[in-house]
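# Close look at the chain arrangement
Chain residues, written in single-letter form:
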Amino acid sequence: MRRKTVPIVILCLAAGIWLAADFNKAVSLFKREQFREALQEITPVVNENPDWEFGHRLVGLCYYHLKEYDKAVRAFEKARALKSTEPAVYLGLAESYYNLAQPDKAAAVLAEKETLLLDGKRRSDRFSFYKIRSYVLFEQKKYAAAADAMMEAFALSAGKGADWLLLGISYYKTEQNDKAAQALNKAQQLDPTLTEAGRYLLRLKAAQGERALKNRDYNRARQLFSEVVAQDPYDPALKLNLGLAEIGLKNWQAAADVLLPLESAADSYRYFYYTGYVMEKLEKNTQARRFYERAAEMSATDEVRAAIQRVRHRSENQ
């Protein structure tokens, strides 16, 4: 899953803060999502009052919503240095670090302020904490922990399609394939534009096909790989597995129809050996020998050496 530099959660100003009349315009602009205009109003005042925590917080939130995360970090860090007790400061700081590809700093902020963020009255802050933590852990490749954190978030509020996508990929990475499929299907339902969910669902289906091949359930393997190849016709590895399923079913011509067009892009011993095997079964010994010899160039195994001798002997006796 590609990390996206977009807000994971929507951060707002805390309610119930007393403001002097001079600052009402900046707050009003912020609430109307006119963040650049709000900055123009509040920045000069903050410059004159460098110890004003709320001012730095508002500046940070404006830059956060403008996706100027480096500037948001500077403002939030100033509010942090002034001992801010407002969760939005630390949630915004952690997410800004995440969007700047600094997940370790994001994780450190969340760990430092975990008590503040989880013990507060606002359910939305707890949801945001777990959701941001999940994205950070995913970026750190801690997939099991990322899945756990996202489930904690979902216990507090419904997630979006991208959140279910992260959960599905986390389950996929930890080989919890049934849970992965459920989460990825949910992601697609919530947001049909998430093409990555479809790609991972194809990978899951391909993994089912590989298990079927391993278990010699060739009919099931053919069904699964036929479906996968129909959706991704340009992946030679998937077509090779479809060919192997046809070999398992002794459908030699069908296997040849799948395997032969792959020759120009093939670079594996398995492809050349099994294509040679299919040609041998179709009694096309000259072609079989050519494929076997290509396989032997990659790995001179006993099986391929025996196959070369076998088809050579048949050719000589024809």
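## Structural notes on the overall build of the protein chain
Helix and strand content of the protein chain: 18 helices and zero strands. What you see for the protein chain is a C-alpha radius of gyration of 29 Å, clearly larger than the 20 Å of a compact globule of 318 residues, by over 25%. Per-residue burial over the protein chain gives 45% buried out of 318 residues. When contacts within the protein chain are restricted to residue pairs at least 6 apart in sequence, long-range pairs at least 24 apart make up 51% of them. About 16,800 Å² of surface is accessible on the protein chain, with carbon and sulfur atoms providing 47% of the total. The positive charge centre, built from 48 side chains, and the negative charge centre, built from 41, are 2 Å apart in the protein chain.

## Concerning helix α11 (residues 177-190)
With 14 residues, α11 should cover 20 Å at 1.5 Å per step; its first-to-last C-alpha distance of 20 Å lies within 8% of that length. The complete set of buried residues in α11 reads Ala180, Ala183, Leu184 and Ala187. Here the buried residues of α11 occupy an arc of 100° about the axis, which is enough to place them on one side. Along α11, the residues that are exposed and aim more than 90 degrees away from the buried face are Asp178, Gln182 and Gln189. Residues of α11 that are buried make contact with α10 (161-173) and α12 (195-214).

## Focus on the confidence of the model for the protein chain
On average, residues of the protein chain score 92 in pLDDT, and 92% of them reach the 70 mark or higher. Averaged pLDDT values over the elements of the protein chain bottom out at 81 in helix α1 (residues 21-31) and peak at 98 in helix α9 (residues 143-154). Counting interchain partners and residues more than four positions distant, the pLDDT-below-50 stretch residues 15-21 has five contacts.

## As for the packing of aromatic side chains
Overall, the coordinates contain 15 aromatic pairs when judged by the stated rule. With 5.2 Å between their ring centres and 85° between their planes, Tyr273 and Tyr274 make a pair best called edge-to-face. On the basis of relative accessible area, Tyr274 is assigned to the partly exposed category, the value being 29%. Ring centres 5.5 Å apart and planes at 45° place the aromatic pair Tyr273 and Tyr292 in the tilted group. Taken together, the residues Tyr273 in helix α16 (residues 269-281) and Tyr292 in helix α17 (residues 285-298) connect sequence positions 19 residues apart. Like Tyr292, Tyr273 is buried. Through pairs of rings, three or more aromatic residues link up here, namely Tyr269, Tyr273, Tyr274 and Tyr292. Sitting above the plane of the Trp164 ring, Lys186 keeps its charged end 5.9 Å from the centroid.

## Notes on the pattern of salt bridges
Going through the model one piece at a time under the given rule, you end up with 19 salt bridges. Note that Glu86 and Arg122 form a salt bridge whose closest N and O atoms lie 2.6 Å from each other. With Glu86 in the loop between α4 (69-81) and α5 (87-99) and Arg122 in the loop between α7 (114-119) and α8 (123-139), the pair connects residues that are 36 residues apart, well separated along the chain. Residue Arg122 is classed as partly exposed on the basis of its relative accessible area, which comes to 34%. Taking the shortest distance from any N to any O, the salt bridge between Lys131 and Asp163 comes out at 3.0 Å.

## Examining the environment of Met150
Relative to the elements of secondary structure, Met150 occurs in helix α9. With a relative accessible area of 0%, Met150 lands in the buried category. A sequence separation of 18 residues divides Met150 from Ile132, and the C-alpha atoms of the two residues are 8.7 Å apart. Ignoring any residue separated from it by four or fewer positions in sequence, one finds Met150 in contact with Lys131, Ser134, Tyr135, Asp163, Leu166 and Leu167.

## So, the packing of helix α3 (residues 53-65) against α4
At a minimum axis separation of 8 Å, α3 and α4 run at an interaxial angle of 160°. The angle between α3 and α4 falls in the class roughly antiparallel. Here the hand of the crossing between α3 and α4 comes out left-handed. Contacts between α3 and α4 involve Glu53, His56, Arg57, Val59, Gly60, Leu61, Tyr63 and Tyr64 from the former and Tyr69, Lys71, Ala72, Ala75, Phe76, Lys78 and Ala79 from the latter. Residue composition of the contact of α3 with α4, by class: nine nonpolar, two polar and four charged.

## As for the packing of α16 against helix α18 (residues 302-316)
Where α16 contacts α18, the axes come no closer than 11 Å and their chain directions differ by 30°. As judged from the angle between their axes, α16 and α18 are roughly parallel. Remark: the crossing between α16 and α18 carries left-handed chirality. Contacts between α16 and α18 involve Tyr269, Tyr273 and Glu280 from the former and Glu303, Val304, Ala307, Arg310, Val311 and Arg314 from the latter. In terms of residue class, the contact of α16 with α18 is built from five nonpolar, no polar and four charged.

## So, α18
Under the 1.5 Å per step criterion, the end-to-end length of α18 is 21 Å for 15 residues, consistent within 8% with the ideal 21 Å. Taken residue by residue, α18 has Val304, Ala307, Ile308 and Val311 as its buried positions. Down the axis of α18, the sector holding all buried residues measures 100°, keeping them to one side. Away from the buried face of α18 by more than 90 degrees, exposed residues Asp302 and Glu316 are located.

Definitions and cut-offs
Residues numbered from 1 in each chain as written. Predicted model: local features only at pLDDT ≥ 70, side-chain atom pairs only at ≥ 80, totals over all residues. Heavy atoms only, no water. Helix = DSSP H or I, 4+ residues; strand = E, 2+ residues; numbered from the N terminus. Rg over C-alpha atoms; globule rule 2.2 N^0.38 Å. Buried < 20%, exposed > 50% of the residue type's maximum accessible area, 1.4 Å probe, protein only. Contact = heavy atoms within 4.5 Å. Areas by Shrake-Rupley, 256 points an atom, 1.4 Å probe, with all protein chains shown as cover. Lys, Arg positive; Asp, Glu negative; His and termini not counted. Charge placed at Lys NZ, Arg CZ, Asp CG, Glu CD. Expected span 1.5 Å × (residues − 1). Arc of directions from axis to C-beta. pLDDT = per-residue confidence, 0-100. Phe/Tyr/Trp six-rings, centres within 6.5 Å; stacked < 30°, edge-to-face > 60°. Lys NZ or Arg CZ within 6 Å of the ring centre and 35° of its normal. Salt bridge = Lys/Arg side-chain N within 4 Å of Asp/Glu carboxyl O. Axes fitted to C-alpha atoms, helices over the stretch in contact; angles between N-to-C directions. Parallel < 35°, antiparallel > 145°, perpendicular 65-115°, else oblique. Left-handed = near helix turned anticlockwise from the far one by under 90°. Nonpolar A, V, L, I, M, F, W, Y, C, P; charged D, E, K, R; others polar.

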